[in-house]
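Notes for the structure review
Given next are the chains, with one letter for each unit.
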Amino acid sequence: MKLTSRYAVRTGSVFALALAVALAAPAARAADRAAYSFEGKRITFTQIVDQSAGRAISIDDPGLETLFQMLGATVTYQSGQRYVLVTTAEPVVISFAIGDTRYDVGPVTQTAPLAPFVANGHAFVPLDELLQALELLPKPQGGVTVLQPQLASLDVQSSGGETKLVAHGAIPLDARISAQDTDRVEVLFDGVASVLAPSRTIDSGPVRRIDVRTSGTITHPATYVTLYLAPGVSHSAIGTDDQRDVTMGFDGAAPAQPIAQAAPPETTSPPEAQPQDNGQNPPAAAPAPQLVHVTGVTGQQQNGGFSVRIAMDGPASFDWRRLRPPDNRWWIDIHGARLASPPDQPGDSTVTDVRAHQENADTVRVALSLADFQNVSVVPDESGITVTVGDQLAAENAPRAGTGTTGPNAVANTAANSPPGWKFGPQPGQSNYVAANPRLIVIDPGHGGSDTGAIRGDLVEKSLNLDMSKRLRDILVARGWDVIMTREDDRDVYAANDSAQEELQARDDIANSRGARLLISMHSNSYINDGPHGATVYFYKPGDLALAQDVDRRIAAELGIFNNGVIKDKLYVIHHANMPAVLVETAFLSNPDDRALLGSSEWRQKMAQAIADGIGDYTGPVPPATSASNQ
Amino acid sequence: MLGLFDSGLGGLTVLRRLRDAVPAADMLYYADQAHVPYGERSADDLLRLLHHNLGWLDARGVDAIVMACNTSCGVADRYGWPPVSVPVLDLIDSAAQAVERTGLLRVGVIATTATVRSGAYGRHIVRRMPTARVVEVDAPALVPLVEAGELHGDAPRRAVQAVCDLLPRDVEAVVLACTHYPLLDEHFAAVLGTGVLRIDPAIVQAERAAQLLSERGRLTGSGTLECVTTGDLDRFRENLGIMLPDLLVHVRHADAAELYDTISNASAVPET
Amino acid sequence: MRTSRAFLLIVLLVLVAGASWYFATHRRSAVSEHVTIYYTKPDGTTEVAWTVSMRPQQAGESAAEHLRNAALYAATQALAGPPSNVAAIRFPPGTHVLSADVNESTATVDLSKEVTDQRSGISGESGEFKALVWTLTALPGIDRVQVRVQGQKLETLPGGHFEIDEPLRRSDW
């Protein structure tokens, strides 16, 4: 029955058509093409199959490709694979599987009347379900089916004492305030229709009722939303967040609490919705410590490795450590927890034993004895932690400590290998690089010439980098260092419009060929929005870490700028430098406060000073000049 | 006066909760048993029935319509609500609120085929709890069992077992997303066990109805319950006696003008 | 008589064991299993895990095929990122997975050209790929990720010169 696609029809033979229809009837009938329209554009679907259960469309249909393009959606499908995946601009992943009527729209699993199938090498998926997931409502109008974009959701969200209206639609929303009064505000969403409930009352908070009314025509709909506000509530202007949602904030009135209601659970606020406040807010109130229980510690062999599942009845923070070979002990401490499971578990050849015990009043420790320095992954989730010990050896510099939390917003972090209490071997922060020229520091002003770096307003990254590099050079020279800069003016180091690799390698070559003591690459950061801010010191090689930490400490102490700390990152210029090297992202051009700092020559001087001081902390006194080190 | 409708007996579970929450309120219940079950009907059919049922209640001068049919809410959520002059309390929104209150994030939804197709439950729950995961499972076999009065014994137990087997193993809460299903709760309790929370959306729905009435100062009334059925009057009376034995309910048959009869039962779309 | 009774008992025991094995193993693959997806918070370093449903291995799908399907699925989810109201570092709009394959614990992910349209600097590039690498290496059997762009290996990305020529592992961060 899946043969009845346009391919059968396109043979051009009436006989083939008749045969195809006869073979398929009554389950399916051939539909050569179907006329749709979206946002005024005519879209013809040519690769469709009508079955009694519904219409299926080829994921390769040119009309569908046009529609996806207009919506900003993308498709992932490889012939022979199981999944047909559509990612919307929202983003939501719509996941169909060949032969399976179940499909997922984001986190929701639903059932379609027909299963996706493959015919003539093309994957077909149920069209109505696909359109629904794209928030498009088909409306027939004179032989054409208009795909009407919907105002898909309209919600009043409260978190952290703030209440806002959040709306999103099939397309980026065009919203404006169309009328307002003391107790209400009407918002016009132009270009979208809505099937949201015409009137919704809200139990508490600044917005008491939302009325929704759609008007306009099928091809040009408009939706009016009236928000009835509690007395004394004011509203903000309409805004748009990063992800094309339309928002409006409210404040002014103490929210009424008309009915006894369970305290809203933690989970109602989206995880980490306030990016600027990471770790800055003290906990609202110190709740009585409530211990979670470690309800099970179970080990099992898995794909040649061994996995240990630590089950818990509530969220908890943890940290883990491992020792360096030949001592292959690995342990994890779960804080605010009591052990409620048998303490010991049998191991196997990769993990020789698994022990759990109550380390102190509120810490449970689970310790593993590994056969070797194997790869260990620590994956927290809502209800516990899965520790997987692989059968492959970990890299020598693999992280040996990490932290995290379980619960709905489970987080895992690995820490850069750091020296406290280090007992085995050389300290990881010390490099065994011996500088041929221990008095020489190379400064690399990032970008230059044809490569401007980031530009925001009248500030250009390459010029800022050069300015701060020169200031740094002057301070270092005054202290007795020899300094070479990879560029002293506005130019490409290798050649104009060269490749990134050529350009970056040329900078490393300058430092490597001279056997410099250190390489400092100066940059200014940027991001797609104005959120991220502050100074960051990047390192990659183990030998870079101590330098990065010293420079970062001075920046934090001497400058009034947010400190993002020391971050390991595989960046070409520091990776391919033989000597300890760091890349300093001084501040974000994309953040208004940081931009003001970067615009100040006084601040740039202080930044250069702080970096020079950090270098001094790392190197100690400048080595005496010898004939060998003079250039 | 509150207005309710359902395809049959299921909405009586909402009536029961309403009665507990607002004992004094008068209620009018429209049981469209001529078209039961709704769950296997096409969206077009369901929209026409919804339009008729809401209009019928609206015309009777109710203060608010308390949705007691999930299937109708689901189809309205996908294709739009017909305009009515009084507030309509959406059952799916109440269910999502009930799930949100539990804070549980691995949610199963058991519903009729049409409700599952609408995807409304998943949308509402995830909107309130962005980190939730929802699996919707359709259970076409259950409503006919309830309407046939088969609430106890092996047949409903097997049917409930078959549906629950489709849920993921780690589900923490299950929404009984058709008002017929709470009548089979003994089986859900036995099959799902104590580790899984069962959620009857009617509880929050009744709470919201009570609040709506109190806000509008319409909490008073004589507690009159009136039911109108489009199906077999005697059987409806008999089932009422079993389900709401403690309540005095006036029952009558819908007259020809009140019955929406342009859809025959034969037009229900068969499952493929 | 006694032997036949013992025989019956054994048959019964085998049946019970077989049935419990059947239910234990078959119930397992009822609907879905889960896969852990990571995103990077706007601080550029912190990984946050969340889980999405994934279809279990089905009859006729070998373990290798299942892993390959899972890699494609997980990579697509990682590129899409968490719901829009969650603040996260995200790949440039339109970036999608063209293909994914797994060879001896290395996953090769081919990304569309939009990935080079970087406007988010070092922290953006690093955070994007950290999330992708953590997601794929959370799948048992994958411990490194080779990135390609439109089928080609690239040396670095243009925004912050993040290196993607060699397979990336978790220890690169």
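Values in this document were obtained by computation on a predicted structure and should not be read as measured data.

**A closer look at the overall build of chain A**
Each helix and strand counted, chain A has 10 helices and 44 strands in total. Across the 631 residues of chain A, 45% fall into the buried class.

**Notes on the overall build of chain B**
If you tally the helices and strands in chain B, you get 11 helices and 10 strands. Put simply, chain B has 272 residues, and 54% of those count as buried. In chain B, 79% of the contacts between residues at least 6 apart in sequence involve partners at least 24 apart.

**Side note on the interface of chain B and chain A**
Opposite the 32 residues of chain B that make contact, chain A presents 30 residues. For the side of chain B that touches chain A, the elements supplying multiple residues, two or more each, are helix 3 (70–79), helix 4 (91–102), helix 6 (120–128), strand 6 (133–138) and helix 10 (202–215) of chain B. With five residues, the single largest contributor to the side of chain B that touches chain A is strand 6 of chain B. Of the residues in the side of chain B that touches chain A, the class split is 14 nonpolar, seven polar and 11 charged. Direction of pairing for strand 10 (residues 108–111) of chain A relative to strand 6 of chain B: parallel, over a ladder of two bridges. Across the sheet, the residue bridging to Thr109 of chain A is Val135 of chain B, located in strand 6 of chain B.

**Looking at the environment of Leu67 of chain C**
Residue and element names in this part refer to chain C. In this fold, Leu67 is placed in helix 2 (residues 63–80). Considered as a pair, Leu67 and Asp101 are 34 residues apart in the sequence and their alpha carbons are 8.7 Å apart. Once you skip the residues sitting within four places of it in the chain, Leu67 turns out to touch Val102, Leu139 and Gly141.

**Describing the confidence of the model for chain A**
Predicted coordinates in regions of low pLDDT should not be interpreted in detail. Residues and elements named next belong to chain A. Scored by pLDDT, chain A has a mean of 80; 83% of the residues are at 70 or more. Averaged pLDDT values over the elements of chain A bottom out at 35 in helix 1 (residues 6–9) and peak at 95 in strand 12 (residues 122–126). Per-residue pLDDT stays below 50 along residues 254–288; that stretch engages in 52 contacts with residues further than four places along the chain or on separate chains. Across residues 418–429 the pLDDT falls below 50, and counting only partners more than four positions away or on other chains, this stretch makes 12 contacts in the model.

**A closer look at the sheet that holds strand 33 (residues 374–381) of chain A**
Residues and elements named next belong to chain A. Read from one edge to the other, the open sheet built from five strands follows the order 29-25-26-34-33, with strand pairing classed as mixed. Each edge of the open sheet is held by one strand with a lone partner, namely strand 29 (337–339) and strand 33. The sheet shows a mean angle of 25° between the axes of neighbouring strands, taken without regard to direction. In this sheet, strand 34 (residues 384–393) lies alongside strand 26 (residues 305–312) in antiparallel orientation, the contact comprising six bridges. Among the inter-strand pairings, Ile310 is bridged to a residue of strand 34, identified as Ile385.

**Quick notes on the sheet that holds strand 2 (residues 34–38) of chain A**
Residues and elements named next belong to chain A. With mixed pairing, four strands are arranged side by side in an open sheet as 3-2-14-13. Edge positions in the open sheet fall to strand 3 (41–45) and strand 13 (136–141), since each of these has one partner strand only. On average, each strand axis in the sheet is inclined to that of its neighbour by 30°, with strand direction left out of account. The pairing of strand 2 with strand 14 (residues 144–149) spans two bridges and is parallel. Among the inter-strand pairings, Ser37 is bridged to a residue of strand 14, identified as Val146.

**So, the nonpolar core**
Ile441 and Val582 of chain A, Val66 and Val175 of chain B together with Ala71 and Ala75 of chain C are the most contacted members of the largest nonpolar core, which totals 287 residues. Ranked by residues supplied to this core, first place goes to helix 2 of chain C with 10 residues. Setting aside chain neighbours within four positions, we find Ala71 of chain C in contact with Ala100, Val102, Ala107, Leu136, Leu139 and Ile142 of chain C.

**Comments concerning the pairing of strand 4 (residues 48–51) of chain A**
Residue and element names in this part refer to chain A. As judged from the four bridges shared by strand 4 and strand 5 (residues 54–58), these two strands associate in the antiparallel manner. Across the sheet, the residue bridging to Val49 is Ala56, located in strand 5. Two successive antiparallel strands, strand 4 and strand 5, enclose a turn made up of two residues.

**Some words on helix 6 (residues 500–514) of chain A**
Residues and elements named next belong to chain A. Relative to the 21 Å expected for 15 residues at 1.5 Å per residue, helix 6 spans 22 Å between its end C-alpha atoms, a close match to the ideal helical length. For helix 6, every residue scored as buried is listed here: Glu503, Leu504, Arg507, Asp508 and Ala511. Looking at the buried side of helix 6, the elements it contacts are strand 37 (437–445), strand 41 (516–525) and helix 8 (572–575). Downstream of helix 6 by one or two residues, Gly515 has phi in the positive range, about 60°.

**A short note on the environment of Glu129 of chain A**
All names here are of chain A. On the secondary structure map, Glu129 appears in helix 4 (residues 127–133). For Glu129 and Ala112, which are 17 residues apart along the polypeptide, the C-alpha to C-alpha distance reads 6.7 Å. Excluding anything up to four places from it in sequence, Glu129 contacts Tyr103 and Ala112.

Quick notes on the rules
Residues numbered from 1 in each chain as written. Chains lettered and ligands numbered in written order. Predicted model: local features only at pLDDT ≥ 70, side-chain atom pairs only at ≥ 80, totals over all residues. Helix = DSSP H or I, 4+ residues; strand = E, 2+ residues; numbered from the N terminus. Buried ≥ 20, exposed ≤ 12 C-beta atoms within 10 Å, placed from the backbone. Contact = placed C-beta atoms within 7 Å. Nonpolar A, V, L, I, M, F, W, Y, C, P; charged D, E, K, R; others polar. Pairing = 2+ DSSP bridges. pLDDT = per-residue confidence, 0-100. Axes fitted to C-alpha atoms, helices over the stretch in contact; angles between N-to-C directions. Core = buried A, V, L, I, M, F, W, Y, C linked by C-beta atoms within 7 Å. Expected span 1.5 Å × (residues − 1).

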